[in-house]
Structures are given as structure tokens and as C-alpha cells.
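These are the residues of each chain, in order.
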Amino acid sequence: MKYRKMNKIDATISSLGFGAMRLPTLGSDSQIDEPKAIEMIRYAIDHGVNYVDTAYGYHGGQSEILVGKALKDGYRDKTYLATKLPVWFVNKKEDMDQLLNEQLKKLDTDHIDFYLLHALNKESWQKVYNLGVLEWGERMKEKNLIRFFGFSFHDDLDTFKKIIDAYDWDFCQIQYNYMDVDYQAGREGLLYAYNKGINVVIMEPLRGGRLARPPKDVMDLINSYKIKRSPVEWALLWLWNHKEISTILSGMSTLEQVKENIEIADKAEVGILSQEELEFVEKLRLAFLGRKAIDCTQCGYCMPCPYGVNIPRNFFLYNEGIRYDDWGAPRWEYNYSMREEERAGNCQECGVCETKCPQQLPIRELLKKVHEALAQK
Ligand SMILES: NC(=O)c1ccc[n+]([C@@H]2O[C@H](COP(=O)([O-])OP(=O)(O)OC[C@H]3O[C@@H](n4cnc5c(N)ncnc54)[C@H](OP(=O)(O)O)[C@@H]3O)[C@@H](O)[C@H]2O)c1
Ligand code: SF4
Ligand code: SF4
């Protein structure tokens with residue numbers, strides 16, 4: 001295992017961190033297969049992983065309890081423990097104390113090493129900022145209930161920069177992988193945080209697993225390269241090649257994945273990839289990007305739709321399904337996260353949007369195709 005010394009703070013962490021969000025289950029997401037999950041976490045720690053990341057809500061609230069159990073028998077002392085404040089449950093100051101106390105109990109520990117405000121976006125940041133979350137964090141540090149204070153993030157680059165500028169954070173956690181260089185915080189956000197001396201932890205290094213099982217044409221490209229590496233190895237080495245990254249969290253769901261990723265992490269050096277190899281990863285990225293069925297540039301000129309259809313989002317989700325040959329996440333968002341009026345199925349075929357689309361897309365026809373592919377059958 002390779003380690004990276006964090007900037008400013010007294011912590012040297014393993015280049016691979018264990019993300020406890022995709023643990024093995026016995027069916028439903030909240031029924032964690034305890035023996036298997038504990039075996040995986042302890043195997044990882046026995047082989048050098050010293051950073052375990054969980055959150056209040058993972059596995060229906062069971063992940064923290066499981067991690068607490070896995071870290072018994074001396075494992076807690078070998079581990080930096082990270083968990084997150086569910087900011088969506090914070091509506092008044094006292095909620096923060098109450099949630100942290102609950103988490104300490106669930107994790108059966110007297111302190112959290114890395115404590116994050118979970119999944120900040122424009123609105124949630126403003127809300128907790130107004131409630132004095134920064135002063136609260138300082139107080140929790142003084143009380144030694146948390147050691148390092150940070151946030152995880154899912155919104156646009158401007159919002160990321162604003163949050164970074166608002167406080168002298170110990171660390172932050174962003175979604176980053178070779179497909180997401182221009183998405184959310186992206187590469188610019190990574191450099192922005194790093195140049196301000198803020199440690200960056202990476203989540204979704206395999207884009208939630210999609211980069212681990214590429215569609216056939218991308219896989220053929222990987223197999224055709226002179227150096228033989230698995231899709232996972234390419235994706236992780238590409239990340240570890242960055243000096244700006246402190247650790248990569250992998251949400252491993254089997255012991256085999258833990259073993260494979262630990263083996264790859266032995267090579268986790270800055271500069272491990274040559275210029276030619278970096279160019280090859282860029283080719284992989286372009287191959288994924290080329291797999292796009294609808295030529296929507298996400299410009300938004302077609303909006304607003306008088307009936308509330310979110311045209312660019314519908315096309316984005318459809319293209320994601322085609323790009324990764326994986327419909328799980330797009331279908332989930334379409335059916336459970338989008339409002340009904342936003343969905344492609346709500347198009348009333350008035351045609352207003354088509355007069356405004358610079359790509360001259362047949363939006364009405366395409367929305368029918370999207371609905372057919374994404375709506376719950
Ligand atoms: N704070 C936040 O807002 C937030 C959001 C997302 C994630 N996170 C944290 O970051 C961690 C990492 O994110 P992530 O879980 O999305 O990571 P990820 O590495 O992008 O995706 C994890 C998935 O990749 C696949 N995988 C991993 N190693 C593999 C291997 N060796 N071979 C084949 N497939 C492999 C598995 O898919 P299968 O299970 O399908 O096999 C696994 O479930 C999470 O676990 C969580 O702790 C935080
Ligand atoms: S055609 Fe459909 S998506 Fe386009 S503006 Fe009319 S209702 Fe909205
Ligand atoms: S105007 Fe056309 S290209 Fe732009 S977001 Fe709408 S559908 Fe996509």
C-alpha cells in the first residue's frame with residue numbers, strides 16, 4: 001500500500017480508502033451481509049488501508065453501525081474514520097449536535113477523524129451556513145469530537161469555489177474520474193482546492209462501477225493496447241497519477257474487488273502513467289463520449305418548456321444509459337428523482353422547443369424514445 005501525507009493536517013492516509021456505501025447485502029440495501037462486510041473491511045485494513053468512509057444514510061442507516069462493528073477488536077486504532085452530517089436533516093442548530101451524538105453512538109467511538117457536511121449543493125450549503133455550521137464545526141474540533149472538518153460535494157463548479165473560499169477547510173471530497181473532468185467540481189475544482197492547500201478525497205472513481213464494466217467497443221480498445229490492464233486499473237491509476245489527490249475511495253462490494261484494488265494500489269504513484277498512456281486514457285474517454293445517441297449539447301436554449309419538461313436532463317439521462325450500456329442509474333433518476341412534469345412522458349407535443357434548438361433536434365420524437373427507454377415498465 002502506498003500512503004500520501006496530507007497537507008496542513010497531521011494525517012498520512014492510504015492511497016486507497018474503503019467506501020462503505022456498496023457493502024454486500026442479503027437482498028434489500030439495508031440488510032448488510034455482516035460477516036462478509038466485516039471480513040472485507042478488516043482484510044482491507046490488514047493490507048494497509050487506513051481510511052474508512054461511511055455516512056449517516058448509507059445502507060438505510062446501517063452502514064455506520066456495521067463500520068462500528070468492523071472497527072472493534074483493535075481496528076479502530078488503525079483507521080481514520082470518516083462520516084458525514086446529513087445536512088438535509090439539519091433545520092436548526094441543535095440538530096447538528098443531536099445527529100453527531102447519534103453517529104458517535106452508532107459507530108461506537110468517541111470521535112470522528114474526518115467529518116464531512118454531506119453532499120453539499122447551493123441550497124444545502126446556504127442553509128447550514130446560515131445556521132452557523134462553521135462555528136459549530138470549530139466547537140466540535142475543540143471538544144475533540146471531530147478531528148478534521150470538510151465537506152462532500154455534488155453541484156456546479158461555481159458553487160464549489162464559493163464553498164472552498166468560505167472557510168479554511170481541512171479537506172473536501174469530490175466526484176472525479178476520467179469521465180468527469182468537466183463535471184461538478186471537475187479538474188478545475190480539484191486544482192482550485194489543491195492550490196488553496198485543501199486536501200482532496202475522491203469518490204466515485206469508477207463512476208459508480210460503470211468504468212469497471214465498459215461496453216464492448218470500449219473494452220475492445222482496452223484489450224488492443226500494448227500494455228494489458230483491466231478497466232479498473234486504468235481508471236484508478238489515472239487518478240493516482242495526480243499529485244493533487246490525497247486518497248481514492250472505492251465502494252467495493254466483494255472481497256475479490258477489495259483484493260484487486262489493493263493490488264492496484266501498490267502502484268499508486270504520482271507519475272505512474274507515461275504521456276502515451278495518459279493519451280490512451282483520453283482515447284478511452286472519447287470512446288465513451290462517442291457513444292451518444294442524441295446530439296444534445298445541453299445548451300438549454302429549448303427551455304423553459306411551457307409544460308415543465310426538462311428537455312436537456314431527459315436527453316442527458318438517455319445518453320448516459322447508452323454511453324455506459326447501463327440503464328440502472330438513469331432509470332432510477334427518471335422514475336424516482338425527477339418530478340412527473342419534468343419527465344419526457346409529459347411532452348404535450350406543442351413543438352415550441354424545436355423552433356429554439358440550435359442543433360435542430362426533433363425533440364418531440366426523441367422524447368418519446370427517451371420515455372420508452374427510461375419509464376418504469
Ligand atoms: N459524499 C457523497 O456524496 C458520496 C457520494 C458517492 C460516494 N461516496 C463515497 O465514495 C465511495 C466511493 O464511491 P463509489 O462507491 O461510487 O465508487 P466507485 O468505485 O466509482 O464504484 C463502486 C463500484 O465499482 C465496482 N467496482 C469496484 N472495484 C471493482 C473491481 N475491482 N472490479 C470490478 N468492479 C469494481 C463495484 O460495482 P458492483 O458492486 O456493481 O460490482 C462497486 O460497487 C462510496 O462508497 C462512498 O463511501 C460519497
Ligand atoms: S414539444 Fe414537448 S417538450 Fe417541447 S415545449 Fe412542447 S411540451 Fe415542452
Ligand atoms: S436546445 Fe437542443 S441542444 Fe440545446 S439543450 Fe435543448 S435539445 Fe439540447
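Residues numbered from 1 in each chain as written. Chains lettered and ligands numbered in written order. Predicted model: local features only at pLDDT ≥ 70, side-chain atom pairs only at ≥ 80, totals over all residues.

Participant: Teacher, can you tell me more about the site of ligand 2 here?
Facilitator: In the vicinity of ligand 2 there are 15 residues, among which Cys305, Val309, Cys347, Cys350 and Cys353 approach most closely. Top contributing element to the shell around ligand 2 by residue count: helix α14 (residues 363-374), with three residues. Its residues assigned to classes, the shell around ligand 2 shows 11 nonpolar, two polar and two charged. (Near = placed C-beta within 6 Å. Helix = DSSP H or I, 4+ residues; strand = E, 2+ residues; numbered from the N terminus. Nonpolar A, V, L, I, M, F, W, Y, C, P; charged D, E, K, R; others polar.)

Participant: Would you explain the site of ligand 3 in this entry?
Facilitator: Lining the immediate environment of ligand 3, one finds 15 residues, of which Cys296, Cys299, Cys302, Pro312 and Cys357 sit closest. At three residues, helix α12 (residues 311-324) tops the list of elements feeding residues into the shell around ligand 3. Grouping the amino acids of the shell around ligand 3 by side-chain chemistry returns 10 nonpolar, four polar and one charged.

Participant: Before we go on, may I ask you to explain the domain arrangement of the protein in this structure?
Facilitator: Many analyses report the size of an interface as the accessible area lost when the parts associate. Looking at the assigned domains, one finds that the protein contains domain 1 (3-282) and domain 2 (311-374). Its C-alpha centre places domain 1 at a distance of 31 Å from the equivalent point of domain 2. (Domains from an automatic or database assignment.)

Participant: Which parts of the structure should I look at to understand the packing of helix α6 (residues 157-165) against helix α7 (residues 186-195)?
Facilitator: How two helices pack is summed up by the angle between their axes together with the distance between the axes. Here α6 crosses α7 at 10°, and the two axes come no closer than 10 Å. When the axis of α6 is compared with that of α7, the two are roughly parallel. When α6 is examined against α7, the residues Leu157, Phe160, Lys161 and Ile164 are found in contact with a partner set consisting of Gly186, Glu188, Gly189, Tyr192 and Ala193. (Axes fitted to C-alpha atoms, helices over the stretch in contact; angles between N-to-C directions. Parallel < 35°, antiparallel > 145°, perpendicular 65-115°, else oblique. Contact = placed C-beta atoms within 7 Å.)

Participant: Please clarify how the environment of leucine 131 should be interpreted in this entry.
Facilitator: Residue position: leucine 131 is located in the loop between α4 (122-130) and α5 (133-142). Judged by the 18 C-beta atoms lying within 10 Å of it, leucine 131 is partly exposed. Sequence separation between leucine 131 and lysine 92 is 39 residues; the distance between their C-alpha atoms is 6.6 Å. Contacts of leucine 131, omitting those with residues within four sequence positions, involve Val90, Lys92 and Lys93. (Buried ≥ 20, exposed ≤ 12 C-beta atoms within 10 Å, placed from the backbone.)

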